[in-house]
Amino acid sequence: MGIRDGEGMHPYNRATGGNTPGDSDESLLRSVATGSDFALAQLMDRYGERLFGFAVRLLGCPQDAEEVVSDTFVAAWRGAGKFRGECSVRAWLYSICRNLVTDRLRRRKNVSTCPLHHTVGDPSPASDPEHHAWTGWRREQVASCVRRLPSAARQTLVLRIYGDLTYEEIAQVCNCPVGTVRSRLNYAMTRLGELLDAENVDNCLEEDQL
Amino acid sequence: MRNRHRIVKRLIGLYAIGDLSPVERDVVSSHVKQCPLCRAELDRLQRVAEDLRSLRTEDRLSPTCKTHVLARIRQMKASIGQEQSAHLAGWWFLPLVQATAFVVVARLVEARMLARDIILPNVMHQLVTVAAAGMFLGFLGIAGALLCQNRAARRLVP
């Protein structure tokens, strides 16, 4: 005879569906598949901000990135039962997010239509306002150069630096061999260096003209 | 030297973000000591890596996002429950029709057999009664399930 959902459980366990905050991603996803909101909230706490960082650097717009993150978790809730464990849960979540970002970019066909205040501000302003202004300007410059990288290189760079994904996981998310991930990452770094240098030269020329 | 330079070019970006194996790291660092071009490139890329990492602290997802997702999921659960209820509600009459049809056919067969002076064994009577009772119980079960689902759907919507 089956036991009804939550019957005979401690009240805390009933609320959490038997999950604890220290559970593995796989066990949380299994609970999501059985309809546990608590498990989904746990996954959101773990990966929400990282996915947001990934999405915002590809889309260039915090509002769009937030929508993509919520769509990712709704899609994860729908598809949790289909997860076969062929890759890690976080690689799976990033794959969903990447597909949603690609769809959105295809629809928009323009990377930066929103203001980029999100990437400009310094979270811990230094006491020296001049230093603070320089840091903000430099951050904006880096963020803008990242957005100018070719799509595949940008995705690889963002997944590695901001998502902390392993090379194998990035290969799964991007559907390419690990060797390609390495070469894309190396290309992204050298290209970014060139773009930043070019940007600095342009700024110097502008200052000279003024 | 030129060959080594080419190899290092393919690894220098990964060196800057600390992604090389110890052997590869040694190859790059020993070359960089001798090659001023690669040393300058490495300095530049290490600054880039530092800048990239400094942007990481800014990823702040709005606290309402989680609430928004959970609310969407609750709504979806409720709508799925309602869809299932509607689907079942469309077929509520089926067991009733089946039960009635079964009883009518059984009675007709019985009457025809009696007209031909064929006496129906008691087992047949019992079978007909049990089957009809089963059909009615099925009907009651579906009605009960519908009722529970409607209640659950109402509970899920905040």
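Visitor: What is the right way to read the interface of chain A and chain B from this model?
Guide: Counting from both sides, the interface comprises 45 residues of chain A and, opposite them, 39 residues of chain B. Between chain A and chain B, a total of about 3700 Å² is buried, with carbon and sulfur atoms accounting for 60% of that surface. Connecting chain A to chain B are seven salt bridges. We note a salt bridge from Asp19 of chain B to Arg160 of chain A, for which the minimum N-O separation is 2.7 Å. In this structure, the connection of chain A to chain B is made through 15 residue pairs in polar contact (both at pLDDT 80 or more). Taken together, the elements giving at least two residues each to the side of chain A that touches chain B come down to α3 (37–59), α4 (62–79), α6 (117–120), α7 (129–147), α8 (151–161) and α10 (178–209) of chain A.

Visitor: Explanation requested: the packing of α3 of chain A against helix α5 (residues 89–108) of chain A in the structure shown.
Guide: When two helices pack together, their arrangement is given by the angle between their axes and by how far apart the axes lie. Residue and element names in this part refer to chain A. Direction vectors running N to C along α3 and α5 enclose 35 degrees, while the axes themselves pass 10 Å from each other. In the crossing of α3 with α5, the sense of the turn from one axis to the other is right-handed. Where α3 approaches α5, its residues Leu43, Tyr47, Arg50, Leu51, Phe54, Ala55, Leu58 and Leu59 are matched on the opposing element by Val89, Arg90, Leu93, Tyr94, Cys97, Arg98, Val101, Arg104, Leu105 and Arg108.

Visitor: I keep staring at the side chain of Glu169 of chain A and nothing clicks. Help me out?
Guide: Residue and element names in this part refer to chain A. Mapped onto the elements, Glu169 comes out in helix α9 (residues 167–174). Owing to a relative accessible area of 10%, Glu169 belongs among the buried residues under this scheme. In terms of polar contacts, Glu169 uses its side chain to reach the side chain of Ser88, at 2.7 Å. In contact with Glu169, other than residues within four places in its own chain, are Ser88, Arg90 and Ala91.

Visitor: Sorry, what's going on with the packing of aromatic side chains here?
Guide: Centre distance and the angle of the planes are the two values used to describe a pair of aromatic rings. Residues and elements named next belong to chain A. Counting across every chain of the model gives two aromatic pairs over all chains. An angle of 80 degrees between the planes, with centres 5.4 Å apart, marks the rings of Phe54 and Tyr94 as edge-to-face. In this pair, Phe54 sits in helix α3 while Tyr94 sits in helix α5, placing the two residues 40 residues apart along the sequence. Across from the ring centre of Tyr162, 3.9 Å away, lies the NZ or CZ of Arg57, which sits over that ring.

Visitor: Would you take a moment to explain the nonpolar core for this structure?
Guide: The biggest cluster of nonpolar side chains holds 84 residues, and the ones touching the most others in it are Phe73, Leu157 and Leu192 of chain A together with Leu52 of chain B. With 13 residues, the single largest contributor to this core is α3 of chain A. Per-domain counts for this core show at least three residues from each of domain 1 (2–58) and domain 2 (64–156) of chain B. Not counting residues within four places of it along the chain, the set of residues in contact with Leu157 of chain A comprises Val146, Leu149, Tyr162, Leu185, Ala188, Met189 and Leu192 of chain A together with Leu52 of chain B.

About the criteria used
Residues numbered from 1 in each chain as written. Chains lettered and ligands numbered in written order. Predicted model: local features only at pLDDT ≥ 70, side-chain atom pairs only at ≥ 80, totals over all residues. Heavy atoms only, no water. Contact = heavy atoms within 4.5 Å. Buried area = accessible area lost by both parts, 1.4 Å probe. Salt bridge = Lys/Arg side-chain N within 4 Å of Asp/Glu carboxyl O. Polar contact = N/O pair within 3.5 Å; in protein donor to acceptor, adjacent residues only side chain to side chain. Helix = DSSP H or I, 4+ residues; strand = E, 2+ residues; numbered from the N terminus. Axes fitted to C-alpha atoms, helices over the stretch in contact; angles between N-to-C directions. Left-handed = near helix turned anticlockwise from the far one by under 90°. Buried < 20%, exposed > 50% of the residue type's maximum accessible area, 1.4 Å probe, protein only. Phe/Tyr/Trp six-rings, centres within 6.5 Å; stacked < 30°, edge-to-face > 60°. Lys NZ or Arg CZ within 6 Å of the ring centre and 35° of its normal. Core = buried A, V, L, I, M, F, W, Y, C linked by side-chain atoms within 4.5 Å. Domains from an automatic or database assignment.

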